[in-house]
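Chain by chain, the residues run as shown.
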Amino acid sequence: MSILSLNQENLKEFLKINNLPSFHLKQINEWVFKKNVLNFEQMSNLSFSLKEKLNTNLKISTLKLVKVECAKNNETKKYLFELEDKKLIETVLIIAPNRTTICVSSQVGCTVGCKFCASGKNGFFRNLKTYEIIEQILFVANDLKKYPSHIVFMGMGEPLLNYDNLIESIKILSNENFLNISQRRITVSTVGIVPQIKKLKNENLKINLCLSLHASNDEIRNKIIPFSKHFPLNDILNALKDYFETTKRDIAFEYILLEKINDSLIDAQNLYNLIKNFQCSLNLIPYNPIDDGDFIKPSSKRVEIFKKYLIDKKLNVTQRYTKGDDISAACGQLVLKSI
Ligand code: SAH
Ligand code: SF4
């Protein structure tokens, strides 16, 4: 059982049942969260009997590292983990000059099944537990030898469909007694689950919310994200407006560019009209090809024309440059692979 599956009360109880003083709780927290030590043996100020009790009953990491791949550029590293029920998930570390980002998975597979995304291709198995989300960060940080500056929920799965565990993990990540990562450096990307966006605005979190928009009308959006027929664009955008009114946090839109599907100049004009009244940024993501994918990555010229139109309109536009596509660690390429 993961020690992270126990809350502070449960841990106190564990110490009590084992006739151990409660001050050990603080020490254990410090070792796990502050010093990022993932082995009870290395916790030098714990008594022998406590270490023994911990070792027999609990684990700090239930994730088993199956494979790790490094991209040629050395800026991206992909970890394949096996969970206790043998399911596989992936976590990605992205190293840039001024930031290190861990991209975490929130589900095993994904129910949404976007046509361009590898994560949804093999269906959905289950939500990740809070401790499985936190363990991804503890493990990768331990490998990196420091905590990352940023966390993005952009790995496998739709985070807002694992709502309670997402919120609980954000609270643990940002709690100053635990990982103390500022909520302003935590980003949640969603395909747009309206009821959960409405709920999220009242959580009093300072996180960044990204909407995977990908099309400026329901017709195209429903084709590439069939699930989106449950949530018309208008409802999503209204929910985001309310979200902004309550939280005062800018919205980020993500827009995957698929040749001849959503990347024409008219698409750029429609996109501009759709989001121009938002205090927002726009992240353009040229499609990363996936196995059996039906789409084409637009040429850099088409991307430039699309981008220039929006920049000229004074939108805050960035382009996501593909990192790690040689190890299938780029957006949408995370998939349950057999090894
Ligand atoms: N489920 C959430 C978060 C995970 S996906 C969401 O959809 O937002 C993270 C990002 O990767 C999303 O913006 C998604 O649209 C994008 N993505 C998925 N497949 C992709 C692909 N093949 N090429 C480029 N981006 C992709
Ligand atoms: Fe799920 Fe996001 Fe992939 Fe769509 S893009 S299938 S919502 S993980």
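Residues numbered from 1 in each chain as written. Chains lettered and ligands numbered in written order. Predicted model: local features only at pLDDT ≥ 70, side-chain atom pairs only at ≥ 80, totals over all residues. Heavy atoms only, no water.

To continue, consider the overall build of the chain. On a plain count of helices and strands, the chain comes out with 10 helices and 12 strands. Relative to a compact globule of 339 residues, whose C-alpha radius of gyration would be 20 Å, the chain shows 21 Å and is just as compact. For the chain, the C-alpha atoms occupy an extent of roughly 70 × 45 × 35 Å along the three principal directions. Across the 339 residues of the chain, 55% fall into the buried class. Residue pairs in contact within the chain that sit at least 24 positions apart in sequence constitute 65% of those at least 6 positions apart. Only carbon and sulfur atoms are counted for the fraction: they give 49% of the accessible area of the chain, which is about 15700 Å². (Helix = DSSP H or I, 4+ residues; strand = E, 2+ residues; numbered from the N terminus. Rg over C-alpha atoms; globule rule 2.2 N^0.38 Å. Buried < 20%, exposed > 50% of the residue type's maximum accessible area, 1.4 Å probe, protein only. Contact = heavy atoms within 4.5 Å. Areas by Shrake-Rupley, 256 points an atom, 1.4 Å probe, with all protein chains shown as cover.)

This part is about the layout of surface pockets. Roughly 360 Å³ of internal volume is contained in the second largest pocket. Taken together, 20 residues line the second largest pocket, and the ones lying closest to its centre are L4, L6, N7, Q8 and I172. Looking at which element gives the most residues to the lining of the second largest pocket, the answer is helix α2 (residues 24-34), with four residues. For the lining of the second largest pocket, a count of residues per class yields 11 nonpolar, six polar and three charged. Inspection of the lining of the second largest pocket shows a minimum of three residues originating in each of domain 1 (3-57) and domain 2 (64-327). (1 Å grid on protein atoms, 1.4 Å probe; cavity = no way out; pocket = protein on both sides within 12 Å on 5 of 7 lines; lining within 4 Å. Points joined across faces, edges and corners; volume = space filled by probe spheres on them. Nonpolar A, V, L, I, M, F, W, Y, C, P; charged D, E, K, R; others polar. Domains from an automatic or database assignment.)

In the vicinity of ligand 1, 21 residues are found, and the nearest of them are F116, S189, S212, H214 and N288. Within the side chain of E254, an N or O atom sits 3.1 Å from an oxygen atom of ligand 1. When the free accessible area of ligand 1 is taken as 530 Å², the share hidden by the protein chains comes to 96%. When contributions to the shell around ligand 1 are tallied by element, the ones reaching two or more residues are β8 (186-190) and β10 (251-257). A class-by-class count of the residues in the shell around ligand 1 yields 11 nonpolar, eight polar and two charged. (Near = heavy atom within 4 Å. Polar contact = N/O pair within 3.5 Å; in protein donor to acceptor, adjacent residues only side chain to side chain.)

The next subject is the pairing of β10. The buried count for β10 comes to seven of seven residues, which makes it a mostly enclosed element. The alternating pattern of β10 places I251, F253, Y255 and L257 and A252, E254 and I256 on opposite faces, both of which are buried. In terms of strand pairing, strand β9 (residues 208-212) meets β10 through four bridges, oriented parallel. Looking at β10, one finds that L211 is bridged to F253. With seven bridges connecting them, β10 and strand β11 (residues 280-286) associate as parallel partners. Bridging from a neighbouring strand, Y255 pairs with L284 of β11. Read as a crossover between parallel neighbours, the route from β10 over helix α9 (residues 265-275) to β11 is right-handed. (Pairing = 2+ DSSP bridges. Right-handed = clockwise from strand over helix to strand, strands pointing away.)

Turning our eyes to something else, we now look at the site of ligand 2. The environment of ligand 2 is made up of C110, V112, G113, C114, C117, G157 and V191. Looking at the shell around ligand 2, its residues break down into five nonpolar, two polar and no charged.

You can read the domains of the chain as domain 1 (3-57) and domain 2 (64-327). For domain 1 and domain 2, the distance between their C-alpha centres works out to 35 Å. If you look at the interface, domain 1 gives nine residues, while domain 2 gives 14 residues. Buried surface at the junction of domain 1 and domain 2, summed over both partners, amounts to about 970 Å²; 64% is from carbon and sulfur atoms. Of all residues in domain 1, the largest losses of buried area upon contact with domain 2 belong to L4, F33 and N36, amounting jointly to 58% of the total for that side. Run the count over domain 1 and domain 2 and you get zero salt bridges. Our enumeration of links across domain 1 and domain 2 arrives at five residue pairs in polar contact (both at pLDDT 80 or more). With four residues, α2 is the largest single contributor of residues to the side of domain 1 that touches domain 2. Looking at the side of domain 1 that touches domain 2, its residues break down into four nonpolar, four polar and one charged. (Buried area = accessible area lost by both parts, 1.4 Å probe. Salt bridge = Lys/Arg side-chain N within 4 Å of Asp/Glu carboxyl O.)

By size, the foremost hydrophobic cluster in this structure holds 103 residues, and its most contacted members are F116, F153, L240, F253 and L282. Counting residues domain by domain, this core receives three or more from each of domain 1 (3-57) and domain 2 (64-327). Beyond its immediate stretch of four places on either side in the chain, F253 contacts L211, L213, L237, L240, I275, F278, C280, S281, L282 and N283. (Core = buried A, V, L, I, M, F, W, Y, C linked by side-chain atoms within 4.5 Å.)

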